[in-house]
Amino acid sequence: MSKSLLIISRQAPWSGPGAREALDIALAGGAFDLPIGMLFLDDGVFQLSSGQQPGQLQQKDLGANLQALPMFGVEDLYASQRSLAERSLSNTELNLAVQRLDDAALTALLDRYDQVITL
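First, a word on scope: everything that follows refers to the structure included in this document. Please read these numbers as outputs of a predicted model, since none were measured by experiment. (Residues numbered from 1 in each chain as written. Predicted model: local features only at pLDDT ≥ 70, side-chain atom pairs only at ≥ 80, totals over all residues. Heavy atoms only, no water.)

Structural notes on the nonpolar core
Core analysis: the largest hydrophobic core is formed by 24 residues, its most contacted members being A26, M38, F40, L48, L69, L77 and A79. Broken down by element, this core gets its largest block of residues, 5 residues, from helix α1 (residues 18-31). Apart from the residues within four sequence positions on either side, F40 is in contact with S9, V45, Q47, L48, L66, Y78, A79 and S80. Listed in part, the 9 residues of the second largest apolar core include I8, L101, L109 and Y113. (Core = buried A, V, L, I, M, F, W, Y, C linked by side-chain atoms within 4.5 Å. Buried < 20%, exposed > 50% of the residue type's maximum accessible area, 1.4 Å probe, protein only. Helix = DSSP H or I, 4+ residues; strand = E, 2+ residues; numbered from the N terminus. Contact = heavy atoms within 4.5 Å.)

Examining the side chain of N65
Along the polypeptide, N65 turns up in helix α2 (residues 63-68). Sequence-distant contacts of N65, that is, excluding residues within four places in its chain, are made with R20, L23, D24 and L27.

Notes on α1
In this model α1 runs 20 Å from its N-terminal to its C-terminal C-alpha over 14 residues, within 8% of the 20 Å that 1.5 Å per residue would give. Those residues of α1 lying buried are G18, A19, A22, L23, A26, L27, G29 and G30. Looking at the buried side of α1, the elements it contacts are β1 (5-9), β2 (36-40) and α2. One or two steps after α1, the chain reaches D33, where phi turns positive at roughly 60 degrees. (Expected span 1.5 Å × (residues − 1).)

Quick notes on the environment of N95
You can see N95 is positioned in the loop between α3 (81-86) and β4 (99-101). Note: C-alpha distance between N95 and Q67 (28 residues apart in sequence) is 8.1 Å. Excluding its chain neighbours within four sequence positions, the residues that come into contact with N95 are Q47, L48, S49, S50, G63, L66 and Q67.

Considerations on the sheet that holds β1
The 5 strands are arranged β4-β3-β2-β1-β5 in an open sheet whose pairing can be described as parallel. For this open sheet the edge positions go to β4 and β5 (115-118), each flanked by a neighbour on one side alone. Here the strands of the sheet are splayed against their neighbours by 25 degrees on average, with no regard to which way each runs. Bridging between β2 and strand β3 (residues 76-80) involves 4 bridges; their strand directions are parallel. In the sheet register, G37 faces β3, and the bridge partner there is D76. (Pairing = 2+ DSSP bridges. Axes fitted to C-alpha atoms, helices over the stretch in contact; angles between N-to-C directions.)

Written as C-alpha cells, this is what we have:
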C-alpha cells in the first residue's frame, strides 16, 4: 500500500522555484496514483490567485499546472483560511477550487498523511 503524501506549498508563484517544484512533485506523484494532497499556506495561496501575468517577469504561467492537478488524481486541495484572509483573497478570486481550512482543521490534516513535504 502506498503511503499518503501531503505537499505544503508556502511560496508565492514567482518568488523562487518552490511553487513550481511543489506542483511538479504533485503531478508526478499523481501520475503514479500515489495518494496525494496539496495544501497552500502562507504566501503559497497567491498561486491560487486568478489574473496573474507571469510574462511580465519572463516566467511561465503556473495556472495550467494547477488546473491539471485533478486530472492527475490530485483532488485533495486545501488552503489555509487564515492565509487567504490575511492576503485578502476571496473564493471569487481563486482559479482553483480548494477546501478552506481553519487552524484546527490544518492540524488534523497534517495527522492524516503519512509523509509531509514543505516547499
